[in-house]
Structure formats: structure tokens, C-alpha cells
Amino acid sequence: MGTQESDERTGGTGRRALLGAAMLGAGGAVLGLSGTARAAGAARGGGLRSLPVPTIIGHRGASGYRPEHTLAAYQHALDMGADIVEAGDLVPTKDGHLVCRHEPEIGGTTDVANHPEFADRKRTKLLDGVSTTGWFTEDFTLAELKTLRAKERIPVNRPHNTLYDGRWEIPTFEEVLDWQDEQTRETGKQVWIYPELKHPTYFRKLGLGLEERVARVLRRHGKDRKNSPVILQSFEPTSIQRLSGLVANPLVVLLSGASSRPWDFRENGDPRTVADLITPEGLREIASYAQGIGPTLDLVIPKDASGRLTRPTTLVRDAHAAGLLLHPYTLRNENPFLPADFRRGTDADAYGDVFGAYRAYFATGIDGVFTDHPDTGLLAREDFLNG
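Residues numbered from 1 in each chain as written. Predicted model: local features only at pLDDT ≥ 70, side-chain atom pairs only at ≥ 80, totals over all residues. Heavy atoms only, no water.

A. A look at the overall build of the protein chain. Assigned secondary structure in the protein chain consists of 14 helices and 13 strands. Across the 387 residues that make up the protein chain, the buried fraction comes to 58%. Contacts spanning at least 24 positions in sequence make up 69% of the contacts within the protein chain whose residues lie at least 6 apart. Accessible surface computed for the protein chain: about 14900 Å², of which carbon and sulfur atoms make up 50%. (Helix = DSSP H or I, 4+ residues; strand = E, 2+ residues; numbered from the N terminus. Buried < 20%, exposed > 50% of the residue type's maximum accessible area, 1.4 Å probe, protein only. Contact = heavy atoms within 4.5 Å. Areas by Shrake-Rupley, 256 points an atom, 1.4 Å probe, with all protein chains shown as cover.)

B. Quick peek at empty space enclosed by the protein. Going through the model one piece at a time under the given rule, you end up with two cavities of 30 Å³ or more. Counted as a void, the largest cavity has a volume near 80 Å³. Leu-78, Ala-82, Lys-189, Gln-190 and Val-191 are the residues nearest the centre of the largest cavity, which is lined by twelve residues in total. (1 Å grid on protein atoms, 1.4 Å probe; cavity = no way out; pocket = protein on both sides within 12 Å on 5 of 7 lines; lining within 4 Å. Points joined across faces, edges and corners; volume = space filled by probe spheres on them.)

C. Seen up close, the pairing of strand β1 (residues 55–58). Taking every second residue as pointing to the same face, both faces of β1 are buried, with Thr-55 and Ile-57 on one and Ile-56 and Gly-58 on the other. Pairing of β1 with strand β13 (residues 368–371) involves four bridges; the strand directions are parallel. The partner of Gly-58 across the bridge, within β13, is Thr-371. Of the strand pairs in this sheet, β1 and strand β2 (residues 84–85) are connected by two bridges, and their pairing is parallel. Bridging across to β2, Ile-57 finds its partner in Ile-84. (Pairing = 2+ DSSP bridges.)

D. Inspection of the nonpolar core at higher detail. Ranked by internal contacts, the top residues of the largest apolar core, which has 81 residues, are Phe-173 and Ile-293. Every residue in contact with Phe-173, bar those within four places of it in the chain, is listed here: Leu-90, Leu-98, Val-99, Cys-100, Ile-193, Pro-195, Val-214, Val-217 and Leu-218. (Core = buried A, V, L, I, M, F, W, Y, C linked by side-chain atoms within 4.5 Å.)

E. Examining the packing of helix α4 (residues 173–187) against helix α6 (residues 210–220) more closely. Put simply, α4 and α6 touch, their axes get as near as 11 Å, and they point 30° apart. By crossing handedness, the relation of α4 to α6 is classed as right-handed. The residues of α6 that touch α4, namely those facing Phe-173, Glu-174 and Leu-177, are Val-214, Val-217, Leu-218 and Arg-220. Its residues assigned to classes, the contact of α4 with α6 shows five nonpolar, no polar and two charged. (Axes fitted to C-alpha atoms, helices over the stretch in contact; angles between N-to-C directions. Left-handed = near helix turned anticlockwise from the far one by under 90°. Nonpolar A, V, L, I, M, F, W, Y, C, P; charged D, E, K, R; others polar.)

F. A look at the sheet that holds β1. Here four strands make up an open sheet; going across it, the order is β7-β2-β1-β13 and the pairing parallel. The sheet is open, and its two borders are formed by β7 (192–193) and β13, each paired with just one other strand. Against the sheet, helix α14 (residues 374–385) engages β1 and β13, with an angle of about 175° to β1.

G. Representation of the packing of aromatic side chains within the structure. Taken as a whole and assessed by the stated rule, the structure comprises eight aromatic pairs. When the ring of Tyr-202 is compared with that of Phe-203, the centres are 5.0 Å apart and the planes differ by 75°; the resulting orientation is edge-to-face. Here Tyr-202 and Phe-203 have matching classes, each one buried. Measuring from centroid to centroid gives 5.5 Å for Tyr-358 and Phe-362, while their planes differ by 45°, and the two rings are tilted. Placement of the pair is Tyr-358 and Phe-362 together in helix α13 (residues 354–362), with a separation of four residues, close to one helical turn. (Phe/Tyr/Trp six-rings, centres within 6.5 Å; stacked < 30°, edge-to-face > 60°.)

H. Structural detail: the side chain of Glu-196. By secondary structure assignment, the location of Glu-196 is in strand β8 (residues 196–197). Given a relative accessible area of 1%, Glu-196 falls into the buried group. Reaching out from Glu-196, the side chain makes a polar contact with the side chain of Lys-198 at a distance of 3.5 Å. (Polar contact = N/O pair within 3.5 Å; in protein donor to acceptor, adjacent residues only side chain to side chain.)

I. Summary view of the environment of Thr-162. For Thr-162, the location among the structural elements is in the loop between α3 (142–145) and α4. Residue Thr-162 is classed as partly exposed on the basis of its relative accessible area, which comes to 32%. Along the backbone, Thr-162 and Glu-152 are ten residues apart, and their C-alpha atoms lie at a distance of 5.6 Å. The contact partners of Thr-162, leaving out residues within four places of it in the chain, are Glu-152 and Pro-155. In terms of polar contacts, Thr-162 uses its side chain to reach the backbone carbonyl oxygen of Pro-159, at 2.6 Å.

J. The arrangement of unusual backbone geometry in detail. A cis amide bond links Val-53 with the next residue in sequence, Pro-54, at an omega value of -5°. Structurally, Pro-54 can be placed in the loop between α1 (35–42) and β1. A cis amide bond links Tyr-329 with the next residue in sequence, Thr-330, at an omega value of -15°. Note on placement: Thr-330 falls in the loop between β12 (325–326) and α13.

K. Structural context of the pattern of salt bridges. Tallied over the entire structure, the rule returns 26 salt bridges. A salt bridge links Arg-204 to Glu-211; the nearest nitrogen and oxygen atoms lie 2.6 Å apart. Assessed through its relative accessible area of 0%, Glu-211 is described here as buried. Salt bridges sharing partners connect three or more residues here, namely Asp-89, Glu-103, Glu-196 and Lys-198. (Salt bridge = Lys/Arg side-chain N within 4 Å of Asp/Glu carboxyl O.)

L. Highlighting the packing of helix α2 (residues 71–80) against α4. Contact geometry of α2 with α4 gives a least axis separation of 12 Å together with a crossing angle of 30°. As summarised for this structure, α2 and α4 are arranged roughly parallel, according to the angle between their axes. For the pair α2 and α4, the sense of crossing is right-handed. Residues Leu-71, Tyr-74, Gln-75 and Leu-78 of α2 pack against Val-176, Trp-179 and Gln-183 of α4. Along the lines of polarity and charge, the residues of the contact of α2 with α4 split into five nonpolar, two polar and no charged. (Parallel < 35°, antiparallel > 145°, perpendicular 65-115°, else oblique.)

This is the structure we're talking about:
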């Protein structure tokens, strides 16, 4: 989730004690989770609307505790009790397989730079208009990518996660779907996942169209239906429109800053910005082919010049009026990622008053939230629902 995220290279040392949550065993929920959240979801019907509200979504797994987009991060999120695991930012390999990486450039999330046999694969490419240097999944076969190992993407903020560097490989989408089935059988509870299609226009120009590949894999696993426990998302509205003609899964349009233009709009000459998409008219149009939106948190509550929260916008009300769910992104425990009014101290890897931030966002009526720390999100939901 999210290519437009700020402050991820902030420096600092030290760490607060972890915000604890007593947990049950694998696949268990946080102890004391009120029945209110379950009832709120159950009352809304089957499929997507059967989930607890506010829904806690493990962002790239439990990426606050394990290197993101590894089966270990996904499993940790599930063990903590996340309602949905964002298992898969999907990018293709040279031979057409779908793998899970935050971006096609993998220099920052794998040990590829330590592999001399791949030194000549380093390239500079224009990725959605941005000159990007590194190693790209589309230049590797799946077999070659499987020789690499994942590492922590933001070690300055998460030095504890570097303990796990080099331990886990890059998962494929097929492996994620198999893991989903296995965990559903073992826990007796349906596991939900929330893959994102990354840079669809970029890959379509390379002859590696994502939508058709995703649809084929989902059909092969019998997970391309309206109530299938797989929600698909993308920052490109035309990609979601294309998906709507290929699968019946719940679909979500991701929305970055209000002044930004989706890359497919730029390529297609569509002059609209995100500000146009979040008007009542724009939301009604999205509702004609999608079931939800995933806005940046700043579209729900803007910040002032000092980084403090201001008043909520009308986005939640307007989206709900159009029949859309809202799953904004991303809440993290560390200071640099929190609004200024909830930061505590100056260390970049220290935790701030994240519970206060959750209260502010939950109070707007959002239907769920992406979080790097699912255990904290579940406790925050418990606090909120119990008043």
C-alpha cells in the first residue's frame, strides 16, 4: 500500500517500550476484544461487509515487527488478530509470475546488491515519471528472485527489524493464496487478504499487464467472486475499472494527496486530480465500479503547517452517501509517521501517542485502517468501541 508516503528515511535512535497486547496463540485475537466490533460487522451482511468495524488491516503484514511482504510478516499480522492482511503488493517477474514487493525496484527490500551475479542488472528507469535506479523485478525470472532474501526497508525507524534481514524469501501471489487457504483450515476462521496492483500502466507498457494475470490466478484458486475473501486495490482508477470486468471481487481505489493525479490519468490525458475524485460526483463515479476507497489519512483529517490535525473533511460522509467503504492508510506507532500533536520525544524509532491518533481517526466514522502494528490497532479499536 502507498507509494506516496513521507518521512520514511528519518534518522534517530532509542526506542520506547513496546505497546503491549496480550495475545492468544496463532490465529487468535487480542484478549478482551469486545463483541461489539464483531456485531458491527455481522449486522452489515456477508462478504466484505461481514468484517468487524473499524476493520484492522495489517499493512504489508505486521511490518512494524518483521520485514514487509514476507510470509513471516503476514503470519505475524494474522497471529496478532488482524481482520485482513495486506498480503501482496503485486509486481511481475520477467517470466510473468506475480510476486509480493512494495515496489518493482528491490534494492531497498532485498539483498540483491550483495549478489555479484546480478550486478549487471542494475538499471535507471522512469517509473511513473520518476527516475529510479536499482534492480527491478521485471528483469529477473522467478527462479532468480527466489535466490534473494528480504530485508527491512526503513532500518533507521525499525532497527529491531534488521534482526531478521536475510531470513525470508520473496513470496509469490500463488504462495500467498495457498497460505491463506492453509491458515483458514488451521484456524477455522476465514482469512482475508488485500493485494495491491502496483504501477499497472507501467507494466502494461512492458507487455506485463497485471489485471489479467491477477484474474487468472484468482480464477484458478476459485477466489474471483463477489464474496471471495480477497479485496483488490490500486492507485490507478482505470486499473480497477479493468478489474471490474474480469473479476467480481471487492475493489478499492487508492487515493493519494488531493493535488496529485493518478498516473493512468496523466498517461491518458485525463486532467482530473484526486480532489476531483473525492467530490460527491467523483465518488459516485467510483461507486459505479468499486466498493471502496483507500484515501491517505490526510484526506480524512488534514494537517496544518505544523503537522497537527485540523478539522475532518466531509470525505467520510460523502463516501458513505455514495455507498463506498473507507479504509485509509497508514497508522504507524513511530513518531515520524504520526501527526505532530501525537509525537512524544524526538527519537525517530520511539513510539508516540498512537492511541490518541487512532481515537481521532476512528471518530470520523472510517470503516477501517491500514496499520503496521495490528496489535496496537486492535487495542485502539477495543478502547474506542468501549468508550
